[in-house]
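# Observations on chain architecture
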Amino acid sequence: MTAPVLSVNAPRLIADLTDLGCIGRVEAGGINRTSFSAADTEARGWYLARCAEAGLSVRQDGVGNLIVSSPAVAAEIAARPAVWSGSHLDTVPNGGQFDGALGALAALECLRRIHEEGIELQRPVCAIMYTDEEGSYAHLLGSSALARGFSRAELEAMVGRDGDRFVDTFTAAGGDLDAAAQTRIDPGALHATVELHIEQGPTLEEQGIQIGVVSGIVGLGGGVVTFLGRADHAGTTPMSQRRDALVAAGAFVVALPEIAARISDRAVITCGMVSVRPGSANVIPESAQVSVDFRHPEQGQVEALEAAIRDTARNIAAQYGLQVGIDLEESIPPAPLDRGVQKIIAARAAARGLSSVSMPSGAGHDSQNLAPLVPTGMIFVPSIEGRSHCPEENTSWEDVENGANVLLDTLIQLAGG
Ligand code: GLV
Ligand code: MN
Ligand code: MN
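Note that the structure is a prediction, hence the values are computed from the model and not measured. (Residues numbered from 1 in each chain as written. Chains lettered and ligands numbered in written order. Predicted model: local features only at pLDDT ≥ 70, side-chain atom pairs only at ≥ 80, totals over all residues. Heavy atoms only, no water.)

Attention shifts here to helix α4 (residues 101-116). The end-to-end C-alpha distance of α4 is 22 Å, a good match for the 22 Å that 16 residues give at a rise of 1.5 Å each. Burial runs high along α4: 14 of the 16 residues are buried. G118 sits one or two residues past α4 and shows a positive phi near 60 degrees. (Helix = DSSP H or I, 4+ residues; strand = E, 2+ residues; numbered from the N terminus. Expected span 1.5 Å × (residues − 1). Buried < 20%, exposed > 50% of the residue type's maximum accessible area, 1.4 Å probe, protein only.)

Right, here's the structure in full:
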């Protein structure tokens, strides 16, 4: 087994993670860097400044994914299928410091080390930063655009978490809708992709293992279900004569854990957003919209979850004498990751004396969109107490450094070093 030829500059990576962690930091303690927010724009500017400082070149595609490369690579090598690595800079509302940031900044650090040491490889290595991974507008938006593409009509129909239209926000940020609709990856232009990420669950910490070699990523679906009733006076309308949309939505939310349990013990369903109209304490809710997010490692079960959610919503609406609108996005299938890349990650971890284990990912990642097209792998590092998507999300600096070094070794091997 070959020994590592290079290591990341850990103090620089830690400083980067710390600096980025200040962008969008809110009083509640977490980070609000939802995509296209002022903080997300600032983070992108900060990332571009780091690339410029390092003498790297950046290309932005039609949906705002950033692809970073070294201009020093010989033209003949640069024309070959590339090895990509990266993640995202956006966060969930009041999220943590490491989700996305670790993979995006570690990939940048790896590219910087290869570039500054003038390491000659057989293939180009590129760092990538995906737009809107957390789905303010669509789950894994940037990589979904690359992998499946969005039509203009689909982009025009996208509504954000805050009720704004994607087209308005995107064009106000300088985006071009036609270019967004034309964004696609040519799979022939890629040799492999690898993403470093925090585990976001408790397994590695509980087992005392340093590196997770991800075997596959769950399939995920989601969207909104809207119950439509009738607005009436809260004081004068007898309980028997109400058509209260929120009461039906509440029954639906209560039914979700039962649906998950019925389908499989590996199924999860979450309602994380509720919106009630007209939204007054003294008016019976006319409409209640609830989000649904459902996941399972097997495609058949993702479909079974979707069917059960649709049936349950219709049955509850009928039971309460209401109408219901069900608007679910096209689901993103489960993605087994490439066995060859998994082997390389496990071997590179062992070469650094790090323990590793093969494990699935219950979280969604942009890698799952790339995996059907290009050999793709993911590296996990432990999350303290398994916490994520919350301000308490944390990973030790030692694990950050370990993960980044395994990423660097993997990229160098994949790029023919
Ligand atoms: C992304 O973090 C997701 O799993 O939703
Ligand atoms: Mn996330
Ligand atoms: Mn993430």
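Take the side chain of S85 next. Relative to the helices and strands, S85 is located in strand β3 (residues 82-88). Apart from the residues lying within four places of it in its own chain, the contact partners of S85 are A107, C126, A127, I128, V194, L407 and L411. (Contact = heavy atoms within 4.5 Å.)

Those protein atoms acting as donors to the manganese ion (ligand 2) are D99 (OD), E134 (OE), E134 (OE) and H389 (NE2), and they sit at 2.0 to 2.7 Å. In this model, the manganese ion (ligand 2) sits 3.7 Å from the manganese ion (ligand 3), the two metals being bridged by D99. Taken together, the residues span a long stretch of sequence, with D99 in the loop between β3 and α4 and E134 in the loop between β4 (125-130) and α5 (141-147) at a distance of 35 residues. Assessed through its relative accessible area of 5%, D99 is described here as buried. Classification of E134 by relative accessible area gives buried; the value is 10%. (Donors = N, O, S within 2.8 Å, 3.2 Å for Na, K, Ca; no water.)

Our focus in this paragraph is the pattern of salt bridges. Applying the stated criterion across every chain, the model contains 20 salt bridges. Notably, a salt bridge pairs E117 with R113, separated by 3.0 Å at the nearest N-O pair. Exposure remark for E117: the relative accessible area of 43% places this residue in the partly exposed category. Ionic pairing is found between D293 and R295, a salt bridge with its closest N-O pair at 2.8 Å. A relative accessible area of 21% places D293 in the partly exposed class. Taking the relative accessible area as the measure of exposure, R295 reaches 14% and is therefore buried. By sharing partners, the salt bridges in this structure join R12, D16, E109, R112, R113, E116 and E117 into a single network. (Salt bridge = Lys/Arg side-chain N within 4 Å of Asp/Glu carboxyl O.)

These figures come from the coordinates and say nothing about function on their own.
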